[in-house]
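Observations on the three-dimensional arrangement
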Amino acid sequence: MQLSSSARVADENFDYLFNIILIGDSNMGETCVVQHFKSKVYTEAQQNTIGVDLTVCSLEINGKRVKMQVWDTASQERFSTITQSYYRSAHAAIIAYDLARRFTFESVPHWIHEIEKYSAANLVIMLMGNKCDLWEKRPILLEDACMLAEKHGLLAVVETSAKESRNIDEVFVFMAKELITRNSLHLYGESTLDGPPLDSTPVLTAQGPRGKAHCAC
Ligand SMILES: Nc1nc2c(ncn2[C@@H]2O[C@H](COP(=O)(O)OP(=O)(O)OP(=O)(O)O)[C@@H](O)[C@H]2O)c(=O)[nH]1
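Since the structure is predicted, the reported quantities are computational estimates derived from the model, not experimental observations. (Residues numbered from 1 in each chain as written. Predicted model: local features only at pLDDT ≥ 70, side-chain atom pairs only at ≥ 80, totals over all residues. Heavy atoms only, no water.)

1. A short note on the overall build of the protein chain
Check the secondary structure of the protein chain and you find six helices and six strands. Helices and strands appear in the protein chain in the N-to-C order β-α-β-β-α-β-α-α-β-α-β-α. Taking as baseline every contact in the protein chain between residues at least 6 positions apart, the subset at least 24 positions apart corresponds to 75%. Summed over its atoms, the accessible surface of the protein chain is roughly 10500 Å², and 51% of this surface lies on carbon and sulfur atoms. (Helix = DSSP H or I, 4+ residues; strand = E, 2+ residues; numbered from the N terminus. Contact = heavy atoms within 4.5 Å. Areas by Shrake-Rupley, 256 points an atom, 1.4 Å probe, with all protein chains shown as cover.)

2. Quick word on helix α5 (residues 142-151)
Taken residue by residue, α5 has A145, L148 and A149 as its buried positions. With its buried residues spanning 100° around the axis, α5 presents them on a single face. Those residues of α5 that are exposed and aimed more than 90 degrees away from the buried face are E143, M147, E150 and K151. On its buried face, α5 is in contact with β4 (92-98), α3 (102-106), α4 (108-118), β5 (124-130) and β6 (156-159). (Buried < 20%, exposed > 50% of the residue type's maximum accessible area, 1.4 Å probe, protein only. Arc of directions from axis to C-beta.)

3. Here's the deal with the packing of aromatic side chains
Taken as a whole, this structure holds five aromatic pairs when the rule is applied. Each ring, one from Y16 and one from F18, has its centre 5.7 Å from the other, and the planes form 20°; the classification is stacked. Of the residues examined, Y16 reaches a relative accessible area of 0% and is grouped as buried. Residue F18 is classed as buried on the basis of its relative accessible area of 0%. Ring geometry for Y87 against Y118: centres 6.2 Å apart, planes inclined by 80°, an arrangement best described as edge-to-face. You can see Y87 sitting in helix α2 (residues 80-87) and its partner Y118 sitting in helix α4, a full 31 residues away along the chain. Relative accessible area serves as the criterion here: at 1%, Y87 is assigned to the buried category. (Phe/Tyr/Trp six-rings, centres within 6.5 Å; stacked < 30°, edge-to-face > 60°.)

4. A word on the environment of I112
Looking at the element boundaries, I112 is found in helix α4. Put simply, I112 and I95 are 17 residues apart on the chain and 8.0 Å apart in space, counted from C-alpha to C-alpha. Dropping the residues within four chain positions of it, I112 is found in contact with I95, H152 and L154.

5. Digging into α2
Side chains three or four residues apart in an α-helix point the same way, a direct result of the helix having 3.6 residues per turn. Three or more residues of α2 are buried, namely S80, T83, Q84 and Y87. Down the axis of α2, the buried side of the element spans an arc of 100°, and every buried residue falls inside it. Packing partners of the buried residues in α2 comprise β1 (16-24), β2 (52-61), β3 (64-73) and α4.

6. A few points about the environment of G51
Following the sequence through the fold, G51 ends up in the loop between α1 (30-39) and β2. Judged by its relative accessible area of 4%, G51 is buried. A C-alpha to C-alpha distance of 8.6 Å links G51 and Q76, two positions 25 residues apart in sequence. Among all residues touching G51, those that are not within four sequence positions of it are D72, T73, A74, F79 and T83.

7. Considering the pattern of salt bridges
Side-chain pairs of opposite charge can arise where the charged atoms are in close proximity. Tallying each qualifying case throughout the model produces seven salt bridges. With its nearest N and O atoms 3.4 Å apart, the salt bridge here joins D98 to K131. Highlighted residues: D98 in strand β4 and K131 in the loop between β5 and α5, separated in sequence by 33 residues. Taking relative accessible area as the criterion, D98 reaches 3% and is therefore assigned buried. Look at K131 and you get partly exposed, because its relative accessible area is 22%. The residue R138 makes a salt bridge to E159 at a minimum N-O spacing of 2.5 Å. Of this pair, R138 sits in the loop between β5 and α5 while E159 is found in strand β6, placing the two residues 21 residues apart along the sequence. One connected set of salt bridges, linked through shared partners, spans D98, R101 and K131. (Salt bridge = Lys/Arg side-chain N within 4 Å of Asp/Glu carboxyl O.)

Structural data, given as structure tokens:
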């Protein structure tokens with residue numbers, strides 16, 4: 001897995017475009033995570049997200065240029081109409097919980113339910129347990145999260161810390177790789193029993209001079 005700054009590419013030319021929604025209770029650190037992914041900085045004090053914030057990041061994975069549009073959604077009920085409207089065009093969702101606060105983990109099934117209600121059927125879901133720097137206080141073990149993920153057929157669980165720069169890039173690169181793989185299976189018409197293809201738009205784009213190259217993936 002490589003994500004050096006030299007591997008970052010311009011936004012304009014890309015082989016894949018993925019919409020990722022970031023959801024979870026308030027104060028999970030979602031904004032810090034996205035900010036760290038984009039700029040490699042951690043800012044302690046963040047304002048509550050109002051509605052939806054968009055962050056665009058570009059990566060290169062196995063020679064393919066991937067543009068990730070990360071939609072950081074507000075958890076407050078008063079924004080639910082706005083945030084739900086973004087679910088439908090998402091290819092993947094990252095559900096965040098704070099592994100030092102049990103009630104945030106207990107909310108995860110609620111967020112899964114929301115996704116099932118409003119998103120495309122084949123949306124890929126990952127669990128992100130943020131604030132793993134608070135490991136001494138943690139009531140939520142990785143095993144608990146893995147059991148929950150398995151029960152609901154989620155892709156994976158990743159524990160992160162925006163504060164200590166742990167696993168942030170990995171979350172997004174891992175998700176991008178999974179989406180590329182599923183999309184490739186879909187293009188070749190292979191069995192999708194191990195993971196449904198993406199059918200929401202747009203998954204593949206043919207922009208830029210190298211746009212055609214990805215058709216062989
Ligand atoms: N210890 C620790 N604190 C963190 C971490 N990430 C974020 N925080 C803190 O958690 C608080 C909330 O962070 P935000 O990024 O605003 O959380 P959010 O989930 O975007 O909040 P909403 O906008 O309300 O949805 C802030 O005080 C951050 O400094 C982390 O990895 N470790």
